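Coordinates in review
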There are 2 protein chains.
Amino acid sequence: MKQAVDKAEGKPAAAEDRYPLRSVGRALDVLQALGANSGKGMGVGEIAEAIGVSRSTAFTLLQTMVARGFVSDVRIGGARLYRLGLALVHLGDLAVAEMGITQVATPILQQLTDATQLTSRLAVLDDGYAVAIGRVDAPGPFRMTASLGRRELPHCSSVGKSLLCRLPEPQILAILARLGMPKRTEHTLTSPETLLADLREVARRGYSFDNEEDNLGVVCVGSAVFDRSGAAVAAISVTSMRLERSDTDLHHLGAVVRAFADRISHLLGGPAHSALPPLA
Amino acid sequence: MKQAVDKAEGKPAAAEDRYPLRSVGRALDVLQALGANSGKGMGVGEIAEAIGVSRSTAFTLLQTMVARGFVSDVRIGGARLYRLGLALVHLGDLAVAEMGITQVATPILQQLTDATQLTSRLAVLDDGYAVAIGRVDAPGPFRMTASLGRRELPHCSSVGKSLLCRLPEPQILAILARLGMPKRTEHTLTSPETLLADLREVARRGYSFDNEEDNLGVVCVGSAVFDRSGAAVAAISVTSMRLERSDTDLHHLGAVVRAFADRISHLLGGPAHSALPPLA
DNA sequence: GCTATTGTTCGGCTATACAGAACAATGTTC
DNA sequence: GAACATTGTTCTGTATAGCCGAACAATAGC
């Protein structure tokens, strides 16, 4: 799992991942560990091992967060299972609401899902990553695991491409250099050049594809949303299992998604794709 | 704001609100302060004052949480505005997903909203409070502020009543004694006796009302959801501005909500209201 | 230009958060 | 049913990490 690293190693002061406040960092580690084992719940010892502290330390951390509702615990016999608390639900909801886009976009997403029978998502750029802040699940038994708030690499995601495509090239390259372009599948674009070429296409036609570039068998079609200033503040997409549609149909779907994105832009006072200036 | 309290006071060990880990508690304070000022964003000094620490301490706390995405910051000129980070969105989403009820209930909520044109919500009991974990907003311009994850007092909420009504009386009284029954409006039931009488009615007919008991002009109609064990694991409700319907219509609406609640119970393998034993 | 207000860094004192071991409570095994 | 194993919880000493205050930097206002 996680060896104890060299504990008493003088003080090379390295430890770049050592955050100013150790206990706070560990508390956040606990939350993320609980998130990673979501659904299962974890015991004190398990958590202690996961984040590399003693049981007693983990216990104190948990006690603090349970008292505040950030972690909830269930006693089951002698054991005690910890899971993420509902206080996080409230804060997460507020964090989403702070980005006002969600308010106006959600009804449109619903219509997009109604029209296409596909799961649709709304995402924004956060520190270079694409992060979904809204979602409408497709009807029917097929439930795509479209989790909210997870940072996704932009180079292999439809919303990521739409969010990036109108940024200045140097900025795009800086993001790609910082986050890397790992090969997620055989279709992933892994060189900045090929991605830039793709992004130029995306900017030109106003919609983007993720052609099994992140997960095999999963295809997405996305388009950007603009605010008053003309900046791409968000992007929407629909996700589908491997489409057996023709390329023509895929482009038709792209035009549909773009039309819905334009409606959101319109509500935000932003321009439609057709009103955008050509690329600099 | 917050005097230093008597620091060296022997050890009456009071300070019930002093959590084991001070810095972690303060970190959570920061998050909640940011949540309270949601939408506006806060500066370092403002946060420091809100939670009663020095600016430098607040700064360190924020830096730690920014590094992990729990807080996001926007530089605007020389100033720096902090707001809730998107990492919270992910964890909040996971916390909701952990309660599997959401998965099956959301489509039904959607149908309930479609059928009634009212905002519908799904709530569970958390430490005695009613906490909404799901919501479908009504169409149209009227947007009820139905925030997720906030702890709501059960005695003046429709979902709260439905969640409580089948608990043993001593347990209900214990919850009420612990949380109190503050008078939110002139219609709030403020004595355990009147509430218990109301809860017996709720249990008998299978749906509950909040008749402007929490907010004047706001009416809710709720019903409980049961799992395999027959326990009320959740409740749903619809919310409306002051209905001008007759009592008969209100009861009709109650029957509708109860029918949808029963459909969720059915999906969970639980009994419908009609299959429940009468109150002990 | 100077002042007022913000964010950020630094250093030292102290309280605090840590690990480890002891204790308790449960469940498991033979 | 008793010994064991495994879990959660309490306790205590000590090193250190976290806190404050003050100094510094950078804006914004006048």
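What you see is a predicted model, and the numbers here were worked out from it, not measured in a lab.

1. Observations concerning the overall build of chain A
Looking only at helices and strands, chain A features 9 helices and 8 strands. The proportion of buried residues among the 280 residues of chain A is 49%. Here chain A has roughly 13500 Å² of accessible surface; of this, 53% comes from carbon and sulfur atoms.

2. Regarding the packing of helix 7 (residues 169–179) of chain A against helix 8 (residues 192–205) of chain A
Residues and elements named next belong to chain A. Running from amino to carboxyl end, helix 7 crosses helix 8 at an angle of 130°, the nearest separation of the two axes being 11 Å. With respect to helix 8, the element helix 7 is oriented oblique. Handedness of the crossing formed by helix 7 with helix 8: right-handed. Note on element contacts: helix 8 touches helix 7 through Pro192, Leu195, Leu196, Leu199 and Arg200, opposite Glu169, Ile172, Leu173 and Leu176. Classifying every residue of the contact of helix 7 with helix 8 gives 7 nonpolar, no polar and 2 charged.

3. Some thoughts on helix 2 (residues 44–51) of chain A
Turn by turn, an α-helix covers 3.6 residues, leaving residues three or four places apart pointing in a common direction. All names here are of chain A. Within helix 2, burial applies to Val44, Ile47, Ala48 and Ile51. For helix 2, the arc enclosing every buried residue in end-on projection is 100°, short of the 170-degree limit, so these residues lie on one face. Along its buried surface, helix 2 packs onto helix 1 (22–36), helix 3 (55–67) and strand 2 (79–84). In the segment just after helix 2, Gly52 is the residue with positive phi, at about 75°.

4. Some points on the side chain of A:Ser208
Residue and element names in this part refer to chain A. Mapped onto the fold, Ser208 is located in strand 6 (residues 208–211). From its side chain, Ser208 meets the backbone oxygen of Ser158 in a polar contact 2.8 Å long. There is a polar contact of 2.8 Å between the side chain of Ser208 and the side chain of Ser162. Look past the residues within four positions of Ser208 in its chain and what remains in contact with it is Ser158, Lys161, Ser162, Val202, Cys220, Val221, Gly222 and Ser223.

5. Regarding the interface of chain B and chain A
The interface is formed by 52 residues belonging to chain B together with 51 residues belonging to chain A. It is B:Arg68, B:Leu86 and B:Glu98 that lose the most area in chain B upon contact with chain A, and together they represent 17% of the buried surface on that side. Counting every contact that joins chain B to chain A gives 4 salt bridges. B:Arg68 serves as the salt-bridge partner of A:Asp29, at 2.4 Å between the closest nitrogen and oxygen. Secondary structure elements with two or more residues in the side of chain B that touches chain A: helix 1 (22–36), helix 3 (55–67), strand 2 (79–84), helix 4 (87–98), helix 5 (101–116), strand 3 (119–126) and strand 4 (129–136) of chain B. Grouping the amino acids of the side of chain B that touches chain A by side-chain chemistry returns 27 nonpolar, 16 polar and 9 charged.

6. Some words on the nonpolar core
A:Leu31, A:Ile236, B:Leu31 and B:Ile236 are the most contacted members of the largest nonpolar core, which totals 111 residues. Among the nonpolar cores identified, the runner-up in size contains 15 residues, and B:Cys156, B:Ile172, B:Leu179 and B:Leu196 belong to it.

7. A word on the pairing of strand 4 (residues 129–136) of chain A
Each regular strand carries side chains that alternate between the two faces of the sheet. All names here are of chain A. Strand 4 sits mainly inside the fold: 6 of its 8 residues count as buried. Relative to strand 4, strand 3 (residues 119–126) runs antiparallel, the two being bridged by 7 bridges. Bridge pairing in strand 4 links Ala123 to Ala132. Counting the residues between successive antiparallel strands, the hairpin from strand 3 to strand 4 contains 2 residues, one of them, Asp127, with a positive phi of roughly 60°. Judged from the 2 bridges that link them, strand 4 and strand 5 (residues 151–152) form a sheet pairing that is antiparallel. Its bridge partner lying in strand 5, Val131 is registered against Arg151.

8. As for the side chain of B:Thr119
With respect to the helices, strands and loops of the structure, B:Thr119 is situated in strand 3. Within the structure, the side chain of B:Thr119 is placed 3.0 Å from the backbone nitrogen of B:Ala138, a separation counted as a polar contact.

9. Details of the protein's contact with DNA strand C
Near DNA strand C you find 23 residues, and of these A:Thr57, B:Pro20, B:Phe59, B:Arg75 and B:Arg80 are the closest. The backbone of B:Ser23 places a nitrogen or oxygen atom 3.5 Å from a phosphate oxygen of DNA strand C. Contacts to DNA strand C include B:Tyr82, whose side-chain N or O atom sits 3.4 Å from a phosphate oxygen. For the surface near DNA strand C, the elements supplying multiple residues, two or more each, are helix 1 and helix 3 of chain A together with helix 1, helix 2 (44–51), helix 3 and strand 2 of chain B. Taken together, the residues that form the surface near DNA strand C break down as 6 nonpolar, 11 polar and 6 charged.

10. With respect to the protein's contact with DNA strand D
Near DNA strand D you find 23 residues, and of these A:Arg22, A:Phe59, A:Arg75, A:Arg80 and B:Thr57 are the closest. Near the protein, meaning within 4 Å, the atoms of DNA strand D are sugar or phosphate in a fraction of 76%, with bases accounting for the rest. A:Gly45 places a main-chain nitrogen or oxygen 3.2 Å from a phosphate oxygen of DNA strand D. Within the contact set of DNA strand D, a phosphate oxygen lies 2.7 Å away from a side-chain nitrogen or oxygen of A:Arg75. When residues of the surface near DNA strand D are traced back to their parent elements, those giving at least two are helix 1, helix 2, helix 3 and strand 2 of chain A together with helix 1 and helix 3 of chain B. Among the residues making up the surface near DNA strand D, the classes are represented as 6 nonpolar, 11 polar and 6 charged.

How each quantity is defined
- Residues numbered from 1 in each chain as written.
- Chains lettered and ligands numbered in written order.
- Predicted model: local features only at pLDDT ≥ 70, side-chain atom pairs only at ≥ 80, totals over all residues.
- Heavy atoms only, no water.
- Helix = DSSP H or I, 4+ residues; strand = E, 2+ residues; numbered from the N terminus.
- Buried < 20%, exposed > 50% of the residue type's maximum accessible area, 1.4 Å probe, protein only.
- Areas by Shrake-Rupley, 256 points an atom, 1.4 Å probe, with all protein chains shown as cover.
- Axes fitted to C-alpha atoms, helices over the stretch in contact; angles between N-to-C directions.
- Parallel < 35°, antiparallel > 145°, perpendicular 65-115°, else oblique.
- Left-handed = near helix turned anticlockwise from the far one by under 90°.
- Contact = heavy atoms within 4.5 Å.
- Nonpolar A, V, L, I, M, F, W, Y, C, P; charged D, E, K, R; others polar.
- Arc of directions from axis to C-beta.
- Polar contact = N/O pair within 3.5 Å; in protein donor to acceptor, adjacent residues only side chain to side chain.
- Buried area = accessible area lost by both parts, 1.4 Å probe.
- Salt bridge = Lys/Arg side-chain N within 4 Å of Asp/Glu carboxyl O.
- Core = buried A, V, L, I, M, F, W, Y, C linked by side-chain atoms within 4.5 Å.
- Pairing = 2+ DSSP bridges.
- Near = heavy atom within 4 Å.

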